[in-house]
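Spelled out from the first residue to the last, the chains are:
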Amino acid sequence: MKVGVLSLQGTFIEHVNAIRKLGVDALEVRKPENLHGISGVIIPGGESTVITRLMHYYRLVEPLKRLAENSVPFLGTCAGMICLSKDVGSPVELETLELLDIRVNRNAFGRQVASFETELNIPVLGEKPFPGLFIRGPVVEHTGDGVEVIARIDDGRIVAVQQGNILATAFHPELMEDLRLHQYFLQLVLKTVPEARLL
Ligand code: GLN
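A short tour of the structure in this document, coming up. All values reported here derive from a predicted model rather than from experimental measurement. (Residues numbered from 1 in each chain as written. Predicted model: local features only at pLDDT ≥ 70, side-chain atom pairs only at ≥ 80, totals over all residues. Heavy atoms only, no water.)

Once that is clear, we can look at the nonpolar core. Residues Phe74 and Val159 are the most contacted members of the largest nonpolar core, which totals 65 residues. Broken down by element, this core gets its largest block of residues, 6 residues, from helix H5 (residues 180-192). Contact partners of Phe74, with chain neighbours within four places excluded, come to Val41, Ile43, Leu64, Leu67, Ala68, Leu84, Leu97, Leu99, Asn165, Ile166, Leu167 and Phe185. (Core = buried A, V, L, I, M, F, W, Y, C linked by side-chain atoms within 4.5 Å. Buried < 20%, exposed > 50% of the residue type's maximum accessible area, 1.4 Å probe, protein only. Helix = DSSP H or I, 4+ residues; strand = E, 2+ residues; numbered from the N terminus. Contact = heavy atoms within 4.5 Å.)

And the structure:
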């Protein structure tokens, strides 16, 4: 079983390391060929304007969409969440993958200096709070049918969602020691690729 991490810009190394720590193969994806045999896809944090432009430049958009149509699980963190969203509601034109039926407000928390860490209650990860690190992260302003809210910050704003096999967080689990979010994602991957259990 192999998880592909979109490695055009941003925190891809950190995601690769998290997946490898959990004993699963992770592959850096830069070209469509890299997607062969991939059972899950991660889109990292970084800068969504850059990542979306490079995704188009390297002709990764269609192959990624096809994987999602075939139920291959996706995880997007921060900029990755924006890249997956149907609606980015910002004046900057972003051609996203439009796989996740949410509207995000980019940079909802302000500038880099307004970065913060907070404990999040994420029931699907168990009782222990999850350390949420927000670095110019988005907030989910609207969720469509079939989108489940899996985490909110204290003031009620939505910061993590799941729509079937697509998981997205406004924070950066890849920058923390806690691997439960990646573990949860790998469970989705295992469910989708049952034969992978035998490997
Ligand atoms: N603000 C960035 C964007 O709009 C996301 C920041 C991040 O991924 N840490 O893409």
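With that settled, the discussion passes to a negative patch on the surface. A cluster of like negative charges, contributed by Asp87, Glu93, Glu95 and Glu98, occupies part of the molecular surface. Residue placement: Glu93 occurs in the loop between strand E5 (85-87) and strand E6 (100-105). (Patch = residues over 30% accessible without salt bridge, like charges linked within 9 Å, V, L, I, M, F, W, Y side chains within 5 Å. Areas by Shrake-Rupley, 256 points an atom, 1.4 Å probe, with all protein chains shown as cover. Salt bridge = Lys/Arg side-chain N within 4 Å of Asp/Glu carboxyl O. Lys, Arg positive; Asp, Glu negative; His and termini not counted. Charge placed at Lys NZ, Arg CZ, Asp CG, Glu CD.)

Our focus in this paragraph is the site of the ligand. Close contacts around the ligand come from Gly45, Gly46, Glu47, Ser48, Cys78, Ala79, Ile82, Arg106, Asn107, Ile135, Arg136 and His172, and that covers them all. One of the backbone N or O atoms of Gly46 is found 2.9 Å from an oxygen atom in the ligand. Between the ligand and Arg106 there is a distance of 2.8 Å, counted from an oxygen atom to a side-chain nitrogen or oxygen. Taken by itself the ligand offers 300 Å² of open surface, and the protein chains cover 97% of this. With respect to the pocket detection grid, the ligand is positioned in the largest pocket. A per-class count over the shell around the ligand returns 4 nonpolar, 5 polar and 3 charged. (Near = heavy atom within 4 Å. Polar contact = N/O pair within 3.5 Å; in protein donor to acceptor, adjacent residues only side chain to side chain. 1 Å grid on protein atoms, 1.4 Å probe; cavity = no way out; pocket = protein on both sides within 12 Å on 5 of 7 lines; lining within 4 Å. Sits in = over half its atoms within 2 Å of the grid points. Nonpolar A, V, L, I, M, F, W, Y, C, P; charged D, E, K, R; others polar.)

Turning our eyes to something else, we now look at unusual backbone geometry. Backbone geometry places Glu98, a non-glycine residue, at a positive phi of 55 degrees. Relative to the helices and strands, Glu98 is located in the loop between E5 and E6. Residue classification places Glu98 among the partly exposed positions, given a relative accessible area of 43%. In this structure, Arg136 is a non-glycine residue whose phi angle is positive, near 45 degrees. The residue Arg136 is located in the loop between strand E8 (130-134) and strand E9 (139-143) in this model.

Moving on, we come to the side chain of Glu174. Examined against the element boundaries, Glu174 turns out to sit in the loop between strand E12 (166-169) and H5. Comment: no salt bridge for buried Glu174; closest opposite-charge side chain is Arg136, at 12 Å. Within the local environment of Glu174, its side chain forms a polar contact with the side chain of Thr11, the two groups lying 2.7 Å apart. Here the side chain of Glu174 touches Thr77 through a polar contact of 3.3 Å, side chain to side chain. Residues in contact with Glu174, not counting those within four places in the same chain, are Thr11, Glu14, His15, Gly45, Thr77 and His182.

Okay, the packing of aromatic side chains next. Taken as a whole and judged by the stated rule, the model has 6 aromatic pairs. Consider the rings of Phe109 and Phe116, whose centres lie 5.2 Å apart with planes at 75 degrees: the pair is edge-to-face. Classification of Phe109 by relative accessible area gives buried; the value is 15%. Here Phe116 falls in the partly exposed class, since its relative accessible area comes to 26%. The interplanar angle of 70 degrees and the centroid separation of 5.4 Å between the aromatic rings of Phe109 and Phe134 together place this pair among those described as edge-to-face. In this pair, Phe109 sits in the loop between E6 and strand E7 (116-120) while Phe134 sits in strand E8, placing the two residues 25 residues apart along the sequence. Ring-pair connections join several aromatic residues into one group, and the members of that group are Phe109, Phe116, Phe130, Phe134 and Phe171. (Phe/Tyr/Trp six-rings, centres within 6.5 Å; stacked < 30°, edge-to-face > 60°.)

Worth remembering: the numbers are spatial, not functional.
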